[in-house]
Amino acid sequence: MLGRTGRVVPLIVVVLLVVSAASMAQVDIGLLPFRAQLPDAFYAHVVVEVATDDPEKAGLTLESEQRVYYKKPDSPDVFPYYYPDVGPQAWPAETSELPTVYETPPIPELPIDLFYANYEIRVHGLDEAAGRSCFLVSIMSRASGHPVADYCVDRETGLALRSVTYDLHGNATYRRTYLEFDPDPDLEGIDFPRLPFRVMQYPSTDLTADELTARLPWIRLPTWLPGNFQLLAIQHWHRQAPDGRIFRWWGQESERYEILYTDGLDVLTITVLAPLDQTKLPERTDFSAPAGPLDDNALRSLSATGPYVLATRKMDRIPDGDLYRILWSMLPGGPEDDDIGPDVNPEPMYQGGHYDAL
Amino acid sequence: MRCRSWRILLVVALAVVVAPAVHAQFRDVIPEGFLPLSTIDLKSYYARVVTETLSPDGREVLMSTEGEVYYKRGEAADDPGQWHLFADGERLGTYSAPVPAPPVELFFRNYELRITGIDRILDRTCHVVEVVVRAEERPLFSVCVDQETGVTLRYEQHFPEGIVRERLTHFEPNIDLSQVDLGDPEPQAAHTRDITLAELQTIVPWIRLPAGTPEGYELIGIQLMSLKVEEAGDINTAYLYYSDGLERFNLSIVLWPDLVQNPSRALFEETLGPADVVIPKAATLAYKGEDRTKLSLMGFATNLSSTDLAEMLWSMLPEDE
């Protein structure tokens, strides 16, 4: 057998050496003809549809429709230029004193190896969107074997001309569709305006887990997480801006901490508010979950008198019950402190305070 | 290393779950690139390539050869450029992308790509891409594609006889090739042009498209090559290229005048390539012409058997009356 292999092998090698260039060519040019070069300008007509929790509104409903001219900024530090094609009244008049808008501190780069541990990308066909040829691309969950997102990626620019994301049950939760996309628009006569506001970030500091514990001795990092999520960052959002402005989080003067977990694609953000005027540290029994129906974008939260707040935002692919379980597990003294087996999945209502929502 | 395009992918994917900023309505239309790969900036490269054959369990290196590659992209936007191969300082040849190229639609009819992981080769980030045979859900081979340039840093395919792996041991993208002697351009011995099936049938009225082409394969092009031969004048050869979007085989016929006049099956003699040659498989039909026996029909493939090729060659001939 080895003798036969020994004869076969050189032939393979010779041929492969000869065809190596061809195989590279296929990969360079034929197999992976991906590009991510965006045009310097474009015109786009985009529709965004989202799912709601309203049982009478099955499927996706229109959230926004935009017609926009875009021009690449002169430097990467400059915000891109946009001109919404909806008439001048839609764009606020420029004033000498632009209002300041604060955006959240940046999320650290997600670990790509974690992404591939939990997902894979499949490029599986061709389609058309906005009259352009695009690759059908899916992000597949390794755990479920189902797509968590589908895209149609423009062959020329790499732009996702159609994006659909799915929830845990495979129902579409979000769809963005480019109805028109012109990478060579006529920009003559378009005077791209400045943004009608000044964008700044909430000042923040990254903390270690120990630093968080020192500041918030009444909580701990979650002892239970769904799937393969890992700690990404802990951010302390400063209460005061450099210009002296005081931020009020949900109406309260509080210290705000953001604990970020990721599975490489989704980011689970847990917000902790610790009011400044409270001296008594809360205990587990002080917390309760909100009663009553939850609307689509409501925070899934636990709150205690003070109010201390532990909250996270609704996630497409994490059930509400699991979100509450994460939050409860951050409050010591619950049944999850006992040695419960992996098959035991106590409902959040059994883990601590009052919980009528489930 | 910051993976900008990768971050872009995630930004796009995460746009719906990250808390929207005030100006999200504008951000929502930022036309960011999607895939974590790009080949846009690659003008040239130099690489050293090691091709190894390993035992089926991957533990033993049975054979190893090394070569060098200089790549230069073409001037025109649609010109993929050329690869100049060297081994032991000797020039092996210059190669271009296969022509005719199979349509991408055909590739996706038979295969799909799965980007399954990430690796580090030569201190560069590459994405592991598997080419999967769609009908069988079977990985055919895998490559690790450099995130910044799109160049394959590693190629690996498993055969029953062993594992063939080709990997770069040195890679320099976008080098200045003006000081590199790539040798003289190889003389064009033949003139080749694309023709249609109707044109071919005008030249060879009896020719038929081969029967028994493998499932998933399509005729992707016909070329006519004219070669000046001193004793015989212009000799034309027609090439029929078939592909399933990735694999290719070709069937060719040398248009000897006496063969075109009299394609009697009795005048052909079949020869199969050696059975133990893994790549390429070959079959030929020699023609006992008026003056001598001449090579006339040939088939070459990487993943078909010689007998399959021979059957297809026979099926191109008319039935004897």
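As a starting point, this report considers the structure included with it. (Residues numbered from 1 in each chain as written. Chains lettered and ligands numbered in written order. Predicted model: local features only at pLDDT ≥ 70, side-chain atom pairs only at ≥ 80, totals over all residues. Heavy atoms only, no water.)

1. Quick notes on the overall build of chain A
Link 1 in the chain: Of the regular secondary structure elements, chain A holds four helices and 17 strands.
Link 2 in the chain: Out of the 358 residues belonging to chain A, those deemed buried represent 47%.
Link 3 in the chain: A separation threshold of at least 6 residues defines the contact pool for chain A, and within that pool the share at least 24 residues apart is 57%.
Link 4 in the chain: For chain A, the accessible surface area stands at approximately 16900 Å², while carbon and sulfur atoms represent 50% of it. (Helix = DSSP H or I, 4+ residues; strand = E, 2+ residues; numbered from the N terminus. Buried < 20%, exposed > 50% of the residue type's maximum accessible area, 1.4 Å probe, protein only. Contact = heavy atoms within 4.5 Å. Areas by Shrake-Rupley, 256 points an atom, 1.4 Å probe, with all protein chains shown as cover.)

2. Considerations on the nonpolar core
Link 1 in the chain: Core analysis: the biggest nonpolar cluster contains 34 residues, and F249 and L297 of chain B have the highest contact counts within it.
Link 2 in the chain: Broken down by secondary-structure element, the contributors of at least two residues to this core are β11 (218-229), β12 (233-243), β13 (248-254), α5 (257-261), β15 (281-288), β16 (293-301) and α6 (306-315) of chain B.
Link 3 in the chain: Ignoring anything within four residues of it in the chain, the contact list for F249 of chain B reads T213, P214, Y217, L240, Y241, Y242, F300, A301, L304, L309 and M312 of chain B.
Link 4 in the chain: Formed by 30 residues, the second largest nonpolar core is a distinct cluster that contains V137 of chain A together with V104, V143 and V145 of chain B. (Core = buried A, V, L, I, M, F, W, Y, C linked by side-chain atoms within 4.5 Å.)

3. Regarding unusual backbone geometry
Link 1 in the chain: Even without being glycine, A130 of chain A reaches a positive phi, approximately 55 degrees.
Link 2 in the chain: Mapped onto the elements of the fold, A130 of chain A is located in the loop between β5 (119-129) and β6 (132-141).
Link 3 in the chain: With a phi close to 55 degrees, L122 of chain B is a non-glycine residue in the positive phi region.
Link 4 in the chain: Relative to the elements of secondary structure, L122 of chain B occurs in the loop between β5 (111-121) and β6 (124-133).

4. Describing the sheet that holds β11 of chain B
Residues and elements named next belong to chain B.
Link 1 in the chain: The strand order across the open sheet formed by seven strands is β10-β11-β12-β13-β16-β15-β14, and the pairing between neighbours is antiparallel. In the strand order of this sheet, the two ends are held by β10 (190-195) and β14 (268-272), each with one partner. Here the strands of the sheet are splayed against their neighbours by 20 degrees on average, with no regard to which way each runs.
Link 2 in the chain: Alignment of β15 against β16, held across eight bridges, turns out to be antiparallel. By the bridge assignment for β16, A286 is matched with L295.
Link 3 in the chain: Lying on the sheet, α6 is in contact with β13, β14, β15 and β16; it crosses β15 at an angle near 35 degrees. (Pairing = 2+ DSSP bridges. Axes fitted to C-alpha atoms, helices over the stretch in contact; angles between N-to-C directions.)

5. A few points about the environment of E161 of chain B
Residues and elements named next belong to chain B.
Link 1 in the chain: Residue position: E161 is located in the loop between β8 (152-159) and β9 (162-173).
Link 2 in the chain: The class of E161 is buried, set by a relative accessible area of 13%.
Link 3 in the chain: Between the alpha carbons of E161 and V151 there is a distance of 27 Å; along the sequence they are ten residues apart.

6. As for the pairing of β9 of chain B
Residues and elements named next belong to chain B.
Link 1 in the chain: As paired strands, strand β1 (residues 44-54) and β9 are joined by ten bridges and run antiparallel to one another. Each bridged residue has a counterpart across the sheet, and for T51 the counterpart in β9 is E166.
Link 2 in the chain: Of the strand pairs in this sheet, β8 and β9 are connected by six bridges, and their pairing is antiparallel. Of the residues in β9, the one forming a bridge with R154 is R167.

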